[in-house]
Amino acid sequence: MGIWSAPVSYISTRGAAPRLGFEDVLLAGLARDGGLYVAEAWPVLPGDVKAGLAGLGYADLTARVLEPFAGPTLGPAVLGDLTRAAYAPFHHAAVAPLGQIDRNLWLLELFHGPTLAFKDYALQLLGGLFDHVLAKRGERLTIVGATSGDTGSAAIEAVRGRDNIDIFMLHPHGRVSDVQRRQMTTVDAANVFNIAIDGTFDDCQDIVKALFGDLAFRDRVHLSAVNSINFARIAGQIAYYAAAATALGGSDGRPVTFAVPTGNFGNVFAAYVARAMGLPVGRLIVGSNANDILDRFFKSGAMETRAVVPTLSPSMDIQISSNFERLLFDLLGRDGQALTRVMADFRATGAFAVTADQHDRATALFASHRLDDAGTLAEIARVHAETGRLIDPHTAVAVAAGRALGNSADGPADGPVVALATAHPAKFPDAVAKATGVHPKLPPWLADLHERPERATPLPGDVAAVRSFILAHAALTRSVA
Ligand SMILES: *Cc1c(COP(=O)(O)O)cnc(C)c1O
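Residues numbered from 1 in each chain as written. Predicted model: local features only at pLDDT ≥ 70, side-chain atom pairs only at ≥ 80, totals over all residues. Heavy atoms only, no water.

Participant: Whenever I open this one, the sheet that holds strand β13 (residues 366–370) confuses me. Can you help?
Facilitator: The strands that make up a sheet pair up through hydrogen bonds in the backbone, lying either parallel or antiparallel. Taking strand neighbours across the sheet as the criterion, the 6 strands line up as β3-β4-β14-β9-β10-β13 in an open arrangement whose pairing is mixed. Edge strands, defined here as strands with exactly one partner in the open sheet, are β3 (98–102) and β13. Across this sheet, the average inter-strand angle for adjacent strands is 30°, counted without regard to direction. One ladder, built from 4 bridges, connects β3 with strand β4 (residues 105–109); its direction is antiparallel. For Leu 98, the partnering residue across the bridge sits in β4 and is Leu 108. Across the face of the sheet, helix α10 (residues 231–249) comes into contact with β3, β4, β9 (256–261), β10 (281–288) and β14 (417–421) while running at roughly 145° to β9. (Pairing = 2+ DSSP bridges. Helix = DSSP H or I, 4+ residues; strand = E, 2+ residues; numbered from the N terminus. Axes fitted to C-alpha atoms, helices over the stretch in contact; angles between N-to-C directions. Contact = heavy atoms within 4.5 Å.)

Laid out in structure tokens, this is it:
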């Protein structure tokens, strides 16, 4: 038995969904009132647990950090088995190694998983958690998602070949990069269905939203999501902040500043939780590309949507950062009704503002930095010239943000700054080659990606077509469809 005998409960940010335990939050994803689940109170790690992290390998460290969230329900032994199974296939012994690139600037490499992006770190664990809980309950799930890039392949890799899960992943036909599409369509597993939609990413997302809104369908196929609104994904990301902060913060617990290339606010929110748990995490620097809604918010206190523009860092080409709702819930004093009103306003007008006091509390924890495509290419070139390393465009946004704010008057006085390397350079070869003249290579175990056969079903951008395809192919319904 671990030290956490009382399980953490989870509540919805909108205040009108049932309070749930870890397993139900895992399976539910989005709360039924449209809100996002957060812990009723963030668990604080005792000093001896924090001190003990220093001697642990990545998988064991993850189990230790996640124990208050999942341990009392699953049991610490099962949790340890699941984290070891999740990280064993990663392609680096340290799983999430740190490398120094400047006097006070480190890179946290989060691209050693099967799809070469940081989303593997949470999703590989999520796949195992799903399988374990479903098997225990004798249940099945159907996962449906829309992707413009990294999420789809990471989700498919996380659940491929699992007994109790089918996955249907929609991507906009002809609008996903070659590497990203092939990482999805070359997976040969009976429970994986790639759907190439005749339309844009927004069309794909609208179809997925409509399917989730159809409660009869949702219940019939046990619909679930693996996007970053699922709290278990946030939980799975806390571990690498804990690992890096433990390694660099040292025994005196100096706070470590993290610079995070941000889209949906899921990654950086995990750092916020790590800090709330008492880990030595200092200021959090949100990096934006030209889609700078978050940078504008942290500078002004007003959230205002604008049209999305395509950039060199497409996984951050986002207009509304869904996980920001979790931070906003805390800024509003955890008042679910107030939050529901703000979100309704935002939906109706495309804007909302927080009070000066709420803005001050946000900027006490978070700083932000914006980098356009020209700056991104310049940062990739600079890191290559100074260190010989190739970094991807998302990583470049983080590195520039870390340099700009890590040691400025607006940032921390001193202490290590860690920029998150969220993707392998070979995922975005064109930008890297343009900046450096060097064409980044896929790792050897993926070198034949462009020769592998692809499988995808083309469908019109139409909810009814997708719904019937799922009913005909999901194991839960196909025998009776
Ligand atoms: C998803 C993604 C991001 C953005 O992460 P969020 O959790 O959505 O803020 C950044 N970089 C890469 C490479 C990604 O795949």
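Participant: Sorry, what's going on with the nonpolar core here?
Facilitator: Within the largest apolar cluster, 113 residues are counted, with the highest numbers of intra-cluster contacts made by Phe 69, Phe 130, Tyr 240, Phe 258, Phe 265, Phe 324 and Phe 366. When near neighbours in sequence (up to four residues on either side) are disregarded, Tyr 240 contacts Tyr 58, Ala 96, Leu 108, Leu 110, Phe 118, Tyr 121, Asn 267 and Leu 420. Ile 195, Ile 207, Phe 217 and Val 221 belong to the second-largest nonpolar core, a separate cluster that totals 22 residues. (Core = buried A, V, L, I, M, F, W, Y, C linked by side-chain atoms within 4.5 Å. Buried < 20%, exposed > 50% of the residue type's maximum accessible area, 1.4 Å probe, protein only.)

Participant: Looking at this structure, I do not really get the packing of helix α5 (residues 119–137) against helix α6 (residues 150–159). What am I missing?
Facilitator: Here α5 crosses α6 at 35°, and the two axes come no closer than 8 Å. In this structure, α5 crosses over α6, and the sense of that crossing is right-handed. Residues Lys 119, Asp 120, Leu 123, Gln 124 and Gly 127 of α5 pack against Asp 150, Thr 151, Ala 154, Ala 155, Glu 157, Ala 158 and Val 159 of α6. Partitioning the contact of α5 with α6 into residue classes produces 5 nonpolar, 3 polar and 4 charged. (Left-handed = near helix turned anticlockwise from the far one by under 90°. Nonpolar A, V, L, I, M, F, W, Y, C, P; charged D, E, K, R; others polar.)

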